[in-house]
Every structure is written in structure tokens, then in C-alpha cells.
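Spelled out, the chains give:
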Amino acid sequence: DHDVVELSNLHRQVQFTSDDIGRPKAARLAGVIASRGGTARGVAERWTDATAEQIAGDADVVIDASDDPATKFAVADWAVRNGRCYVIAAALRYGGNVMIGAPGTACYRCLFEGPDEAMTEAPSCADAGVLGPVVGAIGGAAAAFALALGRGDRDLAGAILVFDDLRRSG
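Residues numbered from 1 in each chain as written. Predicted model: local features only at pLDDT ≥ 70, side-chain atom pairs only at ≥ 80, totals over all residues. Heavy atoms only, no water.

Colleague: I'd like a rundown of the overall build of the chain, residues and numbers included.
Modeller: Counting its regular elements, the chain contains seven helices and four strands. Helices and strands in the chain line up, N terminus first, as α-α-β-α-β-β-α-α-α-α-β. The globule rule puts the C-alpha radius of gyration for 170 residues at 15 Å, and the 16 Å found for the chain is close to it. Seen along its three principal axes, the alpha-carbon backbone of the chain occupies a region of about 50 × 45 × 30 Å. Here the contacts in the chain between residues at least 6 apart in sequence split such that 56% fall between residues at least 24 apart. By element, 52% of the accessible surface of the chain is carried by carbon and sulfur atoms, the whole surface being about 9800 Å². The averaged location of the 23 negative side-chain charges in the chain is 5 Å from the averaged location of its 16 positive side-chain charges. (Helix = DSSP H or I, 4+ residues; strand = E, 2+ residues; numbered from the N terminus. Rg over C-alpha atoms; globule rule 2.2 N^0.38 Å. Contact = heavy atoms within 4.5 Å. Areas by Shrake-Rupley, 256 points an atom, 1.4 Å probe, with all protein chains shown as cover. Lys, Arg positive; Asp, Glu negative; His and termini not counted. Charge placed at Lys NZ, Arg CZ, Asp CG, Glu CD.)

Here's what the structure looks like:
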């Protein structure tokens, strides 16, 4: 992630605190993981064709959780070209979706074709808002599917799961 922590992130990105405002997200998250005994490498770069190999060249599974349609397509395209599994996650307002991709299955571009004008003009989290718990739920689902792919479980590969928690009454 090339971005820095902002006050508006704190309700949905619970790994950060107000002390982290202004710090690079990737480096800070890698530090949090390391402080808890894990191993992580934070790369403060935007995913592009030029940076993809540096960011994920040896990854078995790539997860995209960006709020940028062009980045989602770039991640998925790279994964397809390189025969890698991937998960694309998105959250907005009260719901979200998770696409699970693996070699030889339907891909992100199979569903959406490209980041056309309608997608790039869709509201962002900053414009439309997103409930913090929604991000947690979508992130948890994305992590579970990525772990399954890493174990070789491809049962849901090629599927997109849509979560909508706006319960309407009457």
C-alpha cells in the first residue's frame, strides 16, 4: 500500500491508532505483525505492471483490498498471467464482495471486463462511507479464502461472493 494512515481510516482499519496518523500503512502494519511474532514485509508502492514483481513476485496467493478498480484489475491480470491464485475484496457502505481466483477458473476480468467509466466513477469509501465492521467481515472472508487457496482448496475458485447486510424493515 502506497498510502499513509489518515484519521478517516481508524474506524475500519483497526490495526492503526491515532499515533499512526501520517505514517506509511505498509510499514506500520508490517511492524505490528512483527511485534506480535509474525513475519511481514511492507512495500509502500502502488501496484502497477512495473511494481508487481517487486511486490508479489514469489507469492503463492495475492490479496487485493484496494479501493481502486484499476488496481484490482492489475492484480487480477498479473495473477492470471503468472498462474497465481488471488482474492479481490471490496467493501462499501453496508456490504461488499470477495472474488476468489485460481489458474484455469473464471477470472475477475471474466466478470467485469475492465475498469470502465462506470466503475471508476463509482463512489469510494470516502464518498459513500463504509461501516467498520463490514471491512472486518469482508477482510476476514478474504483472509479465509486466501488461506484455503494456499492449502490447495480451490472449491470456490472462480466465484464471487456478495455480502449485503442492509436489512430493511417493513
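Colleague: Could you give me a rundown of the environment of Arg-41, with the residues and numbers involved?
Modeller: Among the secondary structure elements, Arg-41 is positioned in the loop between helix H1 (25-35) and helix H2 (52-56). Between the alpha carbons of Arg-41 and Leu-29 there is a distance of 8.9 Å; along the sequence they are twelve residues apart. For Arg-41, the side chain forms a polar contact with the main-chain oxygen of Gln-54, separated by 3.3 Å. Of the polar contacts made by the side chain of Arg-41, one reaches the backbone oxygen of Ile-55; its length is 2.9 Å. (Polar contact = N/O pair within 3.5 Å; in protein donor to acceptor, adjacent residues only side chain to side chain.)

Colleague: Which residues make up the packing of aromatic side chains, and what values go with them?
Modeller: A full pass over the atoms with the stated rule returns three aromatic pairs. Look at Trp-47 and Trp-78: their rings are 5.6 Å apart centre to centre, the planes differ by 80°, and that puts the pair in the edge-to-face class. Taken together, the residues Trp-47 in the loop between H1 and H2 and Trp-78 in helix H3 (residues 69-81) connect sequence positions 31 residues apart. Considered together, Trp-47 and Trp-78 belong to a single accessibility category, that of buried residues. Through successive ring pairs, a cluster of aromatic residues spans Phe-73, Tyr-108 and Phe-112. (Phe/Tyr/Trp six-rings, centres within 6.5 Å; stacked < 30°, edge-to-face > 60°. Buried < 20%, exposed > 50% of the residue type's maximum accessible area, 1.4 Å probe, protein only.)

Colleague: I'd like to hear about the pattern of salt bridges, residue by residue, with values.
Modeller: Enumeration according to the criterion identifies seven salt bridges in this entry. Here Asp-68 ties to Arg-46 by a salt bridge, and the two come within 3.6 Å at their closest N and O atoms. Residue Asp-68 is found in the loop between strand S1 (61-64) and H3, and its partner Arg-46 is found in the loop between H1 and H2; the two are separated by 22 residues along the sequence. Residue classification places Asp-68 among the partly exposed residues on the basis of a relative accessible area of 24%. A salt bridge links Arg-109 to Asp-77; the shortest N-O distance between them is 2.5 Å. Remark: Asp-77 occurs in helix H3 and Arg-109 occurs in helix H4 (residues 108-112); sequence separation between them is 32 residues. (Salt bridge = Lys/Arg side-chain N within 4 Å of Asp/Glu carboxyl O.)

Colleague: Explain a nonpolar patch on the surface to me, and be specific about the residues and the numbers.
Modeller: On the surface, Leu-111, Phe-112, Ile-160 and Val-162 cluster together into a nonpolar patch covering about 330 Å² of accessible area. At the level of elements, H4 and strand S4 (160-164) are the ones that each hand at least two residues to the nonpolar patch. (Patch = residues over 30% accessible without salt bridge, like charges linked within 9 Å, V, L, I, M, F, W, Y side chains within 5 Å.)

Colleague: An account of the nonpolar core is requested, with residue identities and associated values reported.
Modeller: Formed by 18 residues in total, the largest nonpolar core has its most connected members in Trp-47, Ala-56, Val-62, Trp-78, Tyr-86, Ile-88 and Tyr-108. Mapped by element, the contributors of at least two residues to this core are H2, H3 and strand S2 (85-92). Not counting the four nearest positions on each side in its chain, Trp-78 is found in contact with Trp-47, Ala-52, Glu-53, Ala-56, Gly-57, Val-62 and Arg-84. Membership of the second largest hydrophobic core comes to 15 residues, among which are Val-87, Ala-89, Ala-102 and Val-130. (Core = buried A, V, L, I, M, F, W, Y, C linked by side-chain atoms within 4.5 Å.)

Colleague: Run through unusual backbone geometry, naming residues and quoting values.
Modeller: The phi angle at Arg-93 is positive, at roughly 55°, despite the residue not being glycine. For Arg-93, a relative accessible area of 40% gives the class partly exposed.

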